[in-house]
Amino acid sequence: MATTVSRSSRSRLVGAFVLPLFVLSLAFAAASHAAQPTVDYALGLSPFQKNVDYDRVPADQVKACTIKMEKEGGLNSWVVRGPRGEVLRAFSDTNGDRVVDRWSYYKDGAEVYRDIDSNHNAKADQARWIGAGGSRWGLDDDENGSIDAWKVISAEEATAEIVEALRSREASVFTRLLPTNADLQAAGFEDPLLSDLTARVTAAAKGFAKLAAAPANTLGAQTRWNNMLAPQPGMLPAGATGVAKDVTAYDNVVALVDSGEGKTGGAGQVYVGSLVRVGDAWRPVDLPQLPGTQGEITDAAGFFSPRAGERGAAEAGGQESEKIKPLLAKLREIETKLSTADPAARRQLAGAQVGLLEQVVAAADAAEQPFWVKQLAETIAAGVQDGAFPEGIKRLEQLAGAVAADEPLEAFVRFRLASARYAAGMQEPGADVAKVQAAWLEDLKQFVEKHPQAPDAAEAMLQMGISDEFSGNEKEAIERYAAIVKGFPDSPSARKARGAARRLDSVGKPLALAGTGLDGRPVAVESLRGRPVLVHYWATWCEPCKVDIAQIRELYAKYGPKKFAVVGIALDTDKPQLAKFLAAKPIPWPQLHEAGGLDGRLAEELGVLTLPTMLLVDAQGNVVDRNLVITDLEKKLESLIGAN
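Residues numbered from 1 in each chain as written. Predicted model: local features only at pLDDT ≥ 70, side-chain atom pairs only at ≥ 80, totals over all residues. Heavy atoms only, no water.

A. Spotlight on the sheet that holds strand β5 (residues 110-116). Strand order in the open sheet made by the eight strands is β1-β2-β3-β4-β5-β6-β7-β8, with antiparallel pairing throughout. Looking along the sheet, the strands with just one partner apiece sit at the ends: β1 (66-72) and β8 (149-152). Across this sheet, the average inter-strand angle for adjacent strands is 20°, counted without regard to direction. (Pairing = 2+ DSSP bridges. Helix = DSSP H or I, 4+ residues; strand = E, 2+ residues; numbered from the N terminus. Axes fitted to C-alpha atoms, helices over the stretch in contact; angles between N-to-C directions.)

Here's what the structure looks like:
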């Protein structure tokens, strides 16, 4: 192995501006060959953060490596290449002051991690895992080499950090994950739920040291995070008690671990509980639980399956709580099994899950019943949609009749019934798609007429607007989108409707669309004026998108980036899967990506509803086609490029 420069030595040298590899070489490389840094020294530098999986070079191969000044991503960089020419490191000057302020590390030729000096004082203050390395983005405010807060971290990575905190017994690793009161407010919480969550977070921070030191914490030096086990995330809707705007959260999250040569060996698990999304970071709100410690830890409420008796217990005297507790325990067992069950087992488990929820609804007091009715309706509808509970249509009809006296609750159930009917119809062998869609649209129309103020009316109108748009009835679609924005201005459906209306009216107008590429660099469509630009919305799970990419690649090679620019907008929600795809099949044009997929900002800004979606912009920056199909692209390009 190449000699490794210690973290403390590196920080001291960079801080004193006497590190010749960076400060002197970038300043005087053109004038003095003697300033050339050595490969051995460059390979000796290591990331400030732990647990970075990057390529290390065996000592006997160091002599076959090279280092030279190159343009890496348009930046002046010292690039270290391996024996096969693959990039191993890139040390870059991002602001043109001839001092390195970004230290990049590579795995299999692709960048996976970078240390960043964002304030250009020769000290790293940010750490980013990118590409196949993950999506974490940490901030080191005091520039001491330790992350103080997370700007971006996925749910999976948050659970891995919790495992690392328990394994290392470092409380700071856990507490930097916890949300502040301001974070919780920004996420969308308000009192009384805000105060409750703040108290739970405070208790979690105080209790971690005791938990980490407990005999039950058998996570040893060889323990490694394996995976996150959780049901799908849920949405706390704006207007619910303690919720000012929509909040996305997980309940019943479990981190699976491999104990390796630790004290117990084999596999294990850590019960994480609930995670809430705050901006681009997922955060826990409670202390994790380990086998053998549950009795010592508060049985905190989940967001979607609260422990019985938390609400209404005073009025019910605790009797209802005792009835529900064993039912909730069984539900948690089923939720854990569902994630790994085969289709036959899923059908059996789904039936048991619905039966238990029906018992919970019957046992709950009046204050809790609406919550559990909604949980029941959501569960049945999900079971119908994934084919695990085909008899759910009848159960939803019965449930809608049972709650008919409560108009908001009936509306909630009726909308899920309409969606379930549509899903079941589409699953029928030899289904008449046009007939099924017509029936669904009629259900939605009746729903909006009967429940015009229901929150789900916005989504129903959006689906009707989408149908209008793709049927060529664009005037009706625009009117419907406008009605959504007017009647439900703060709803997710309104964001989509607003963007869709903008897209439909975009031809002949400049396209203002910008974001951050997967490589961390900003990309703006407006900055590419002077050549036609294709904006391509796609995802790795969209097979037609991959066909488009192959043909776009041919045209990109034919015309070259100086005559034809492409901006890809990847709407994958699974960023590691996207990184894996791009590592196997690199795409030469920039790729924008943000969390949320089709529900994220990049899709909502133009109301992108289906994939692939392509817009073509001329050299002056104006949209010439807002619904381009791949078969027309070459002809359109010939017209635009010939015109220039």
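Following the structure, the description resumes.
B. Fine view of the pairing of strand β3 (residues 87-93). When you tally the buried positions in β3, you get seven out of seven residues, the bulk of the element. Note that strand β2 (residues 75-81) and β3 share six bridges and pair antiparallel. Looking across to β3, one finds that Asn76 is bridged to Asp93. Linking two consecutive strands that pair antiparallel, namely β2 and β3, is a turn of five residues; a positive phi of about 90° is found at Gly85 within it. Summarising the sheet, β3 and strand β4 (residues 102-107) pair through four bridges and their orientation is antiparallel. Note on β4: the bridge partner recorded for Ala90 is Ser104. (Buried < 20%, exposed > 50% of the residue type's maximum accessible area, 1.4 Å probe, protein only.)

C. Spotlight on the pattern of salt bridges. As enumerated under the stated definition, the model contains 32 salt bridges in all. With a closest N to O distance of 3.4 Å, Glu410 and Arg414 form a salt bridge. One end of the pair, Glu410, and the other, Arg414, are both in helix α13 (residues 407-427), four residues apart, so they sit about a helical turn from each other. Each member of the salt-bridge network shares a partner with another, and the members are Arg502, Glu594, Arg601 and Glu605. (Salt bridge = Lys/Arg side-chain N within 4 Å of Asp/Glu carboxyl O.)

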